[in-house]
Amino acid sequence: MAVPDALAAAFADNNAAVFIGAGLSAGAGLPTWNALIDPLRPSISDCPDDATSIDVAQFYCNEFNNTDLVNLLKSRVGAGKGRPTPAHRIVVNELMLSRVYTTNFDCLLEDACKKLRPFERIYDDGAAASLDANPSSSTLRIVKLHGDFEQPA
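How each quantity is defined
- Residues numbered from 1 in each chain as written.
- Predicted model: local features only at pLDDT ≥ 70, side-chain atom pairs only at ≥ 80, totals over all residues.
- Heavy atoms only, no water.
- Helix = DSSP H or I, 4+ residues; strand = E, 2+ residues; numbered from the N terminus.
- Buried < 20%, exposed > 50% of the residue type's maximum accessible area, 1.4 Å probe, protein only.
- Contact = heavy atoms within 4.5 Å.
- Areas by Shrake-Rupley, 256 points an atom, 1.4 Å probe, with all protein chains shown as cover.
- Lys, Arg positive; Asp, Glu negative; His and termini not counted.
- Charge placed at Lys NZ, Arg CZ, Asp CG, Glu CD.
- Phe/Tyr/Trp six-rings, centres within 6.5 Å; stacked < 30°, edge-to-face > 60°.
- Axes fitted to C-alpha atoms, helices over the stretch in contact; angles between N-to-C directions.
- Parallel < 35°, antiparallel > 145°, perpendicular 65-115°, else oblique.
- Nonpolar A, V, L, I, M, F, W, Y, C, P; charged D, E, K, R; others polar.
- Disulfide = S-S within 2.5 Å.
- Pairing = 2+ DSSP bridges.

S.K.: Hey, could you run me through the overall build of the protein in this one?
M.R.: In terms of helices and strands, the protein carries eight helices and four strands. Listing every helix and strand of the protein by position from the N terminus yields α-β-α-α-α-α-α-β-α-β-α-β. Principal axes of the C-alpha set define a box for the protein whose edges measure 50 × 35 × 30 Å. Out of the 153 residues belonging to the protein, those deemed buried represent 36%. Residue pairs at least 24 apart in sequence account for 61% of intrachain contacts in the protein once pairs closer than 6 positions are excluded. Accessible surface, the protein as shown: approximately 8700 Å² in total, 53% of it carbon and sulfur. With 13 positive and 19 negative side-chain charges, the protein shows a separation of 11 Å between the mean positions of the two kinds.

S.K.: Explanation requested: the packing of aromatic side chains in the structure shown.
M.R.: Aromatic ring pairs: the centre-centre distance and the angle between the two ring planes describe each pair. As enumerated under the stated definition, the model contains two aromatic pairs in all. Measuring from centroid to centroid gives 6.3 Å for Trp 33 and Phe 105, while their planes differ by 35 degrees, and the two rings are tilted. In this pair, Trp 33 is assigned in helix H3 (residues 33-37) and Phe 105 in the loop between strand E2 (99-102) and helix H7 (108-114), connecting sequence segments 72 residues apart. On the accessibility criterion, Phe 105 (15% relative accessible area) is buried. On the numbers, 4.6 Å between centres and 40 degrees between planes, the contact of Tyr 60 with Phe 64 is tilted. Judged by its relative accessible area of 9%, Tyr 60 falls in the buried class. Judged by its relative accessible area of 34%, Phe 64 falls in the partly exposed class.

S.K.: Looking at this model, I keep getting lost on the packing of helix H4 (residues 53-63) against helix H5 (residues 66-77). Mind explaining?
M.R.: Packed helix pairs are specified by the crossing angle of their axes together with the interaxial distance, meaning the distance between the axes. It is at 7 Å that the axes of H4 and H5 come closest, and there the two elements cross at 125 degrees. Taken together, the axis directions place H4 and H5 in an arrangement best described as oblique. Across from Ala 57, Tyr 60 and Cys 61 in H4, the residues of H5 making contact are Asn 66, Asp 68, Leu 69 and Leu 72. For the contact of H4 with H5, the residue count by class is five nonpolar, one polar and one charged.

S.K.: Sorry, what's going on with the state of the cysteines here?
M.R.: Where two cysteines share a covalent bond between their sulfur atoms, that bond is called a disulfide. Under the definition given, this model contains zero disulfides. Of all cysteine sulfurs, the one in Cys 113 lies closest to Cys 107, which takes part in no disulfide; the gap is 11 Å.

S.K.: How do you make sense of the sheet that holds strand E3 (residues 119-122) when you look at a structure like this?
M.R.: The pairing of strands in a sheet happens through backbone hydrogen bonds and is either parallel or antiparallel. Spatial strand order, E1-E2-E4-E3: four strands in an open sheet with parallel pairing. Only two strands of the sheet have a single neighbouring strand rather than two, namely strand E1 (17-20) and E3. Shown here is a sheet whose adjacent strand axes are inclined to one another by a mean of 20 degrees, direction ignored. Relative to E2, E1 runs parallel, the two sharing four bridges. Paired with Phe 19 across the two strands is Tyr 101, which belongs to E2.

Structural data, given as structure tokens:
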């Protein structure tokens, strides 16, 4: 399958972005989203059998609180959990991206950047809204769509 010309041009012009989910960090031994959230089901009173993982996270916050959920997530995927894989290093250094969008709470992309290139972590709506459409900087912007442990709100 050939790469579309427009996509190849975006990468060549340093104007491409990728979306990264838990699968990338699973290679570093971290749990996928479902594996992270599903163990919470038994602790929730009357958790519906058909609740999605997103629902389970919300039910957990409703029954306990957001701080408890954040602390639980930190214990499973927070600092010191896992190390960047070759795939993380390829994403931050070899693809020459200007932006990466991720749902991951972990900091493996940031950890990979520390030795390879400057980065900026974007974790709130205000900062995301000010992203340049065509950045010229060599700084990688890592957009944390669900926030991160430094800014869990």
